[in-house]
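# Summary of the model geometry
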Amino acid sequence: MADNNGVLVCGEVAEGKLLAITLELLGGGRKLADELGESLSIALIGSGVKDLAQEAIAFGADKVYVVDDAALKDYQTDSYAAAMDAVVKSANPRALVLGQTSMGRDLAPKMGFKLKTGVSMDCIELSIDPSSKALLQTRPVYGGNARAIFSTGGMPQIATVRSKAMSALERDDSRKGDVVPIEGAVDAAAARIKVVSTVKEEVEGVKLEDAAVIVTGGRGLGGPEGFQELEKLAKTMKGAVGATRPPCDNGWVPAAIQIGLTGKIVSPDVYFAVALSGSSQHMAGCSGSKTIIAINRDPEANIFKEAQFGVVGDWKQVMPPLTEKIKELLAG
Amino acid sequence: MNIIVCVKQVPDPEAPPASFKVDPAANKVVPPAGVAPVVSPFDEQAVEAALRIKDKQKDTKIVTLSLGDNLVRDVIKKPLSMGADELVLLEDPAFEEGDSWSTAYALSKAIEKIGSYDLILCGRQAADWDAGQVGTGIAEFLGIPCVTVAKKVEVGDGKATIERVTADGYEVIEAPLPCLVTVSNELGEPRYAALKGIMAAAKKQPKIWKPGSGDGDTIAVSADEIGAKGRVTKLEKLFQPVKEAKCEIVEGETPADAAVALAQRLREAKVI
Ligand SMILES: Cc1cc2nc3c(=O)[nH]c(=O)nc-3n(C[C@H](O)[C@H](O)[C@H](O)COP(=O)(O)OP(=O)(O)OC[C@H]3O[C@@H](n4cnc5c(N)ncnc54)[C@H](O)[C@@H]3O)c2cc1C
Ligand SMILES: Nc1ncnc2c1ncn2[C@@H]1O[C@H](COP(=O)(O)O)[C@@H](O)[C@H]1O
């Protein structure tokens, strides 16, 4: 075990591009590798992904392991785990870092149990213990009410990282690195589970993850009509509409706009929190916002402990004039 | 159809954040006084998923399995009152303070002892440590396929058809039985326990299994494989993040005045 060396990032690709989280992991992984004085590598697993190797190098990787196979077009646990296993055998890293994404949530524990080592999910910070070189993994627990720092006995030490917890480096096309193709890792016939179809539930307008302004509504909106009012403010500010879990569970809005621990993680400049209480699980998804503005009729609501600005009042009376005034200010 | 649902007892995750306390010296959460523990919410949804299968296939047997110490009977029997058939508890101090690894290992050994299963259901993550690993671990120990974060689970013709939630929709997955599925809240509200169910649950006695040889009321695990001793991760530190409360409440004669004042204040502060 003593020869485990370096940091390996699990890359993710969608629509022919490296995901933002992958660039973030390369940025964070670069720092860890430099601290260790070791190398940073990335696994690119998928179909038609080898063309992205140079980009991964430009964003910080020293070495790119490519498992390019038509059978890996869509994420599927068994075949991706086989591909990842082959990369880990070849790279023999000290740390394996994945994104806390749909894929990372599924693949990281799978790799941990397969490789008989520990995993920390949804970390917000990774650091190196200077004396032991151990990877210290900080993650929110108890719905965000507490933080825990873990270390792992086995190798590699595996962690997933929450989106926006690390920052990407500037792209530098002059960086050099090696590309290592890995062949024969995947046996499509061995895959036990089958993805029959993929259904996209498109949300119109600005994507939540990219929006500079988000107007989020909670259970206190009382129904889908409330969200139409929020839509107006979002439109005025060229932002997006989000929701806490109850409106999604109640079918007032699509599940894809849920923000929080088990929904999307966002960090806009401006976050309007309307008729939501500010539960720790919700705040887990939006506490990285630059400015949080709360509108709630209960002065004791926890959201007022999280926000920078607030109005205590009924959203029905506050939102229309607020939207009007903001429209006027932005026009003038 | 034999279904096993893994159900964890956790401190109520919806308790007000202000009631949450950590004992930093002991690296432990101090249970808030007067707040009863609950079944981890996603596990209740896993029970609901099992019951929906049973609604259609009457000859389905649902066994729920819980690991912990000092499990509160009224809490941990809730799945029975919702309609599950049997309850197995791994209840012993030696099972305590495990991590995902040692917990999944003990649960997988209990499942082997239960013996017959077509489908195992877990929650997507337990509402205390929010790990989301134990389901995958059980499947790996048992050597069966695992599908995570499901919003719909149907079984028939020797396979399970699962809708798995993704970032922008869902995918439809087929897995051969037996398999393990972890369930998410998109499945929908769990049913309420009817009075009849509560009365029936009160009469049912859980099976309680301890670590041991695998005979009688024991599962075949050695003491160093389970609980705190079987961990592969170490909790170095548990603490509460400090929050600076500094909300500026904008006021006005009427709610509309306050709204206008807020807009102006946001402009002044260059927020908008
Ligand atoms: C493991 C786990 C994961 C979870 N993940 C998430 C997640 O990802 N995202 C998430 O959001 N939740 C999540 N939850 C649920 C979370 O715990 C809360 O239940 C949820 O966030 C509450 O939503 P809310 O604030 O909209 O509702 P409530 O807590 O019911 O708050 C409603 C608020 O609206 C106010 N209000 C009511 N009427 C009005 C009015 N007319 N005008 C102004 N204000 C009004 C009330 O004062 C109250 O503060 C999770 C829970 C668990 C256990
Ligand atoms: N102590 C336990 N007893 C029963 N089931 C558990 C236990 N711990 C975890 N599980 C199951 O595994 C799921 C995921 O847990 P975790 O990986 O701890 O987040 C839970 O939702 C439960 O279904």
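Report on the accompanying structure. (Residues numbered from 1 in each chain as written. Chains lettered and ligands numbered in written order. Predicted model: local features only at pLDDT ≥ 70, side-chain atom pairs only at ≥ 80, totals over all residues. Heavy atoms only, no water.)

## Let's talk about the overall build of chain A
A count of helices and strands for chain A gives 8 helices and 18 strands. A globule of 332 residues ought to have a C-alpha radius of gyration of about 20 Å, and chain A, at 22 Å, matches this closely. Each of the three principal axes of chain A carries a C-alpha extent, and together these read 65 × 45 × 40 Å. The buried share of chain A, taken over its 332 residues, is 60%. When contacts within chain A are restricted to residue pairs at least 6 apart in sequence, those whose partners lie at least 24 apart make up 62%. Summed over all atoms, the accessible surface of chain A reaches about 13200 Å², with 49% contributed by carbon and sulfur. Taking the average location of the 36 positive side-chain charges in chain A and that of its 41 negative ones, the two points are 2 Å from each other. (Helix = DSSP H or I, 4+ residues; strand = E, 2+ residues; numbered from the N terminus. Rg over C-alpha atoms; globule rule 2.2 N^0.38 Å. Buried < 20%, exposed > 50% of the residue type's maximum accessible area, 1.4 Å probe, protein only. Contact = heavy atoms within 4.5 Å. Areas by Shrake-Rupley, 256 points an atom, 1.4 Å probe, with all protein chains shown as cover. Lys, Arg positive; Asp, Glu negative; His and termini not counted. Charge placed at Lys NZ, Arg CZ, Asp CG, Glu CD.)

## Re the overall build of chain B
Each helix and strand counted, chain B has 7 helices and 16 strands in total. Across its three principal axes, chain B shows a C-alpha extent of roughly 70 × 45 × 35 Å. Per-residue burial over chain B gives 50% buried out of 272 residues. Only carbon and sulfur atoms are counted for the fraction: they give 53% of the accessible area of chain B, which is about 12000 Å². Across chain B, 33 positive and 41 negative side-chain charges occur, with their mean positions spaced 2 Å apart.

## Some thoughts on the site of ligand 1
Taken together, 30 residues form the shell around ligand 1, and within it Arg219(A), Thr244(A), Thr262(A), Ser277(A) and Glu14(B) come nearest. The local environment of ligand 1 is shared, drawing residues from chains A and B. The backbone of Ala275(A) places a nitrogen or oxygen atom 3.1 Å from an oxygen atom of ligand 1. In this structure, a nitrogen atom belonging to ligand 1 sits 3.0 Å away from a main-chain N or O atom of Trp315(A). Only helix H6 (245–249) and helix H7 (280–283) of chain A together with helix H1 (41–56) of chain B provide two or more residues apiece to the shell around ligand 1. Looking at the shell around ligand 1 residue by residue, the class counts come to 10 nonpolar, 13 polar and 7 charged. (Near = heavy atom within 4 Å. Polar contact = N/O pair within 3.5 Å; in protein donor to acceptor, adjacent residues only side chain to side chain. Nonpolar A, V, L, I, M, F, W, Y, C, P; charged D, E, K, R; others polar.)

## Digging into the side chain of His282(A)
Residues and elements named next belong to chain A. Mapped onto the elements, histidine 282 comes out in helix H7. A polar side-chain atom of histidine 282 sits 3.0 Å from the main-chain carbonyl oxygen of isoleucine 259. With residues up to four places along the chain from it excluded, the contact list for histidine 282 reads Thr216, Ala243, Thr244, Ile259, Gly260, Tyr271 and Leu276.

## Some details on the site of ligand 2
Residue and element names in this part refer to chain B. In the neighbourhood of ligand 2, 17 residues make up the surrounding shell, with Cys6, Asp43, Ala126, Gly132 and Gln133 lying closest. One of the side-chain nitrogen or oxygen atoms of aspartate 43 is found 2.4 Å away from an oxygen atom of ligand 2. One of the backbone N or O atoms of valine 134 is found 2.8 Å from an oxygen atom in ligand 2. In the complex, 97% of the free accessible area of ligand 2, which totals 480 Å², lies under the protein chains. Among the elements of the structure, strand E6 (61–68), helix H4 (100–114) and strand E8 (119–123) are those that each provide at least two residues to the shell around ligand 2. Sort the elements by how many residues they give to the shell around ligand 2 and E6 lands first, with 3 residues. Of the residues in the shell around ligand 2, the class split is 9 nonpolar, 6 polar and 2 charged.

## Here's the deal with the nonpolar core
If you look at the biggest cluster of nonpolar residues, it comprises 54 residues, and the most contacted ones within it are Phe272(A), Val274(A), Ile295(A), Ile303(A), Leu322(A) and Leu262(B). Counting only elements with at least two residues in this core, the list comes to strand E14 (213–217), helix H5 (224–236), strand E15 (240–243), strand E16 (270–274), strand E17 (291–296), strand E18 (309–312) and helix H8 (315–331) of chain A together with helix H7 (255–268) of chain B. Of the residues forming this core, the biggest block, 6 residues, is contributed by H8(A). What Ile303(A) contacts, discounting residues up to four positions off in sequence, is Ala273(A), Leu276(A), Ser277(A), Gly278(A), Met283(A), Ile292(A), Ala294(A) and Asn296(A). Formed by 35 residues, the second largest nonpolar core is a distinct cluster that contains Ile193(A), Ala175(B), Val181(B) and Ala201(B). (Core = buried A, V, L, I, M, F, W, Y, C linked by side-chain atoms within 4.5 Å.)

## A few points about the sheet that holds strand E9 (residues 135–141) of chain A
The sheet built from 4 strands is open, its strands ordered E8(A)-E9(A)-E10(A)-E15(B) with antiparallel pairing. Strands with a single pairing partner mark the edges of an open sheet, and in this sheet they are strand E8 (125–128) of chain A together with strand E15 (233–239) of chain B. Each strand axis lies, on average, 25° off the axis of its neighbour in the sheet, ignoring direction. Two strands pair when backbone bridges link them, and strand E10 (residues 146–152) of chain A and E15(B) are joined in this way by 6 bridges, in the antiparallel orientation. Each bridged residue has a counterpart across the sheet, and for Ser151(A) the counterpart in E15(B) is Lys234(B). (Pairing = 2+ DSSP bridges. Axes fitted to C-alpha atoms, helices over the stretch in contact; angles between N-to-C directions.)

## Description of helix H5 (residues 134–142) of chain B
Residue pairs three or four apart in sequence face the same way in an α-helix, which turns once every 3.6 residues. Buried within H5(B) are the following residues: Gly135(B), Thr136(B), Gly137(B), Ile138(B), Ala139(B) and Leu142(B). Positive phi shows up at Gly143(B), right after H5(B), with a value of about 70°.

## Some remarks on the pattern of salt bridges
Residue and element names in this part refer to chain B. In total, this model carries 38 salt bridges over all chains according to the counting rule given. The closest approach of N and O atoms between aspartate 128 and lysine 8, which form a salt bridge, is 3.0 Å. Highlighted residues: aspartate 128 in the loop between E8 and H5 and lysine 8 in the loop between strand E1 (2–6) and strand E2 (9–10), separated in sequence by 120 residues. The exposure class assigned to lysine 8 is partly exposed, which follows from its relative accessible area of 31%. A salt bridge links lysine 151 to glutamate 163; the nearest nitrogen and oxygen atoms lie 3.9 Å apart. In this pair, lysine 151 sits in strand E9 (residues 146–156) while glutamate 163 sits in strand E10 (residues 159–166), placing the two residues 12 residues apart along the sequence. (Salt bridge = Lys/Arg side-chain N within 4 Å of Asp/Glu carboxyl O.)

## Side note on the packing of aromatic side chains
Applying the stated criterion to the full structure yields 8 aromatic pairs over all chains. Ring geometry for Tyr142(A) and Trp129(B): centres 5.4 Å apart, planes at 65°, overall edge-to-face. Placement of Tyr142(A) in the loop between E9 and E10 and of Trp129(B) in the loop between E8 and H5 is noted, with the two residues assigned to different chains. The exposure class of Tyr142(A) is buried, given its relative accessible area of 12%. Aromatic pair Tyr105(B) and Phe141(B): ring centres 5.2 Å apart, planes at 75°, arrangement edge-to-face. Of this pair, Tyr105(B) sits in helix H4 while Phe141(B) is found in helix H5, placing the two residues 36 residues apart along the sequence. (Phe/Tyr/Trp six-rings, centres within 6.5 Å; stacked < 30°, edge-to-face > 60°.)

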